[in-house]
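Inside the fold
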Amino acid sequence: MNYEKIRFNVKDAVAFLTLANPEKINALSGQMIQEIIHALGQVSADESVKVVIIRAEGKNFCAGHYLPELLNGGVKSYKWVFDECTRMMQLIHDLPQPVIAQVQGIATAAGCQLAAWCDMVMASEDASFATPGVKIGLFCTTPAVSVSRAIGRKAAMEMLLTGRSFPAEEAKQLGLVNRVVPLSELAQETEKLAAQIAEASRFTLSIGKQGFYSQVDQEDDKALDFAKHTIVMNCMAEDAQNGIRAFVEKQPPVEWKNR
């Protein structure tokens, strides 16, 4: 696919997926969503990639859906937009690699959803997060799914019902953001975090990410039972055996086989 609304490249073990339509505040048009889905498929199949950074050109991260596409349509056209957006979001969770959102400026509506759906969020000091659909008569129902899972019901309801912007520091206090850094340091600090994660075995990262999302909303006994079986199988992996042996025998860190 020839990308027009995003840029995609891989450097070392990190894939960079860049929203590249700053003139439209990187709004999630149908075309952009399709391109992101394609790029995520490329990432999933690339065994050299250990971490993904989703970032954006321009002063802002993403303004949400491209609203002109939600005018004068019908059920079929609207269903396609939200089906594809849901597929894109779910692919982020299904990826074997951890995904970091690098957010500057605004992340609103589906843009806020996109950031919240990533595994981690790095934000600049000028970043803000909002689900303002209520202000235009379109409640942010789909963003509510990821936001409520990140920050809890009460804070999510305030965000959804008022539509107000939450500054980066407040979003961090609520748990929507991992770290807040100066804008001038955002790219460097995000890549530093990605490099730190990429030191691990790709196989182990995949087990950990998928295991986390499989158990996190289960009841305690079911979550513990799932985790128990998962870690047993992890113990059987070559990387785990080599890593444990190196630690016990006080040997230098092993070179991961990613299996």
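Our subject is the structure listed above.
In this text the structure is predicted, and so the values were computed from the model without any measurement. (Residues numbered from 1 in each chain as written. Predicted model: local features only at pLDDT ≥ 70, side-chain atom pairs only at ≥ 80, totals over all residues. Heavy atoms only, no water.)

1. Some thoughts on the pairing of strand β1 (residues 6–11)
- For β1 and strand β2 (residues 14–19), the ladder comprises six bridges, and the chain directions are antiparallel. Across the sheet, residue asparagine 9 finds its bridge partner in β2, namely phenylalanine 16.
- Connecting the antiparallel pair β1 and β2 is a turn made up of two residues, with aspartate 12 showing a positive phi of about 55°. (Pairing = 2+ DSSP bridges. Helix = DSSP H or I, 4+ residues; strand = E, 2+ residues; numbered from the N terminus.)

2. As for the environment of isoleucine 53
- One can find isoleucine 53 in strand β3 (residues 51–56).
- Judged by its relative accessible area of 0%, isoleucine 53 falls in the buried class.
- Separated by 129 residues in sequence, isoleucine 53 and proline 182 have C-alpha atoms that sit 18 Å apart. (Buried < 20%, exposed > 50% of the residue type's maximum accessible area, 1.4 Å probe, protein only.)

3. Details of the packing of helix α1 (residues 30–45) against helix α2 (residues 75–94)
- Contact geometry of α1 with α2 gives a least axis separation of 10 Å together with a crossing angle of 30°. Overall, the two elements α1 and α2 adopt an arrangement that is roughly parallel. Every pair of crossing elements has a handedness; the one defined by α1 and α2 is left-handed. Packed against α1, whose contacting residues are Gly30, Ile33, Gln34, Ile36, Ile37 and Leu40, the element α2 presents Trp80, Val81, Glu84, Cys85, Arg87, Met88, Leu91 and Ile92 at the interface.
- Its residues placed into classes, the contact of α1 with α2 shows ten nonpolar, two polar and two charged. (Axes fitted to C-alpha atoms, helices over the stretch in contact; angles between N-to-C directions. Parallel < 35°, antiparallel > 145°, perpendicular 65-115°, else oblique. Left-handed = near helix turned anticlockwise from the far one by under 90°. Contact = heavy atoms within 4.5 Å. Nonpolar A, V, L, I, M, F, W, Y, C, P; charged D, E, K, R; others polar.)

4. A closer look at the environment of valine 147
- Within the secondary structure, valine 147 is located in helix α4 (residues 141–151).
- Overall, the relative accessible area of 0% leaves valine 147 in the buried class.
- Separated by 13 residues in sequence, valine 147 and leucine 160 place their C-alpha atoms 9.2 Å apart.
- Setting aside its immediate chain neighbours within four residues, valine 147 contacts Cys112, Ala116, Thr131, Gly152, Ala156 and Met159.

5. What about the nonpolar core?
- The biggest cluster of nonpolar side chains holds 53 residues, and the ones touching the most others in it are Leu19, Ile36, Ile54, Phe61, Met88, Val103 and Phe129.
- Among the elements that make up this core, the one with the highest residue count is α1 (seven residues).
- Core analysis: the next-biggest nonpolar cluster, separate from the first, contains 14 residues, Val14, Val51, Leu193 and Ala198 among them. (Core = buried A, V, L, I, M, F, W, Y, C linked by side-chain atoms within 4.5 Å.)

6. Let's talk about α4
- Among all positions of α4, only Pro143, Ala144, Ser146, Val147 and Ile151 are buried.
- With its phi angle positive at about 90°, glycine 152 sits one or two positions after the end of α4.

7. Some points on the pattern of salt bridges
- Counted by the stated rule, this structure contains nine salt bridges.
- Of the charged contacts in the structure, one is a salt bridge between glutamate 84 and arginine 87, with a shortest N-O distance of 2.9 Å. Of the two residues, glutamate 84 and arginine 87 both sit in helix α2, three residues apart, roughly one turn of that helix.
- Put simply, lysine 209 and aspartate 119 hold a salt bridge, and the shortest N to O gap is 3.0 Å. Here lysine 209, found in helix α8 (residues 202–215), pairs with aspartate 119, found in the loop between α3 (110–117) and β6 (120–124); they are 90 residues apart in sequence, far enough to count as distant. (Salt bridge = Lys/Arg side-chain N within 4 Å of Asp/Glu carboxyl O.)

8. Description of the sheet that holds strand β5 (residues 106–108)
- If you trace the three strands from one edge of the open sheet to the other, you get β5-β7-β8, paired in mixed fashion. The open sheet has two free edges, formed respectively by β5 and β8 (166–167), since each of these has just one partner strand.
- Bridging between strand β7 (residues 128–130) and β8 involves two bridges; their strand directions are antiparallel. Counted as the bridge partner of serine 128 is proline 167 from β8.
- Across the face of the sheet, α3 comes into contact with β5 and β7 while running at roughly 100° to β5.

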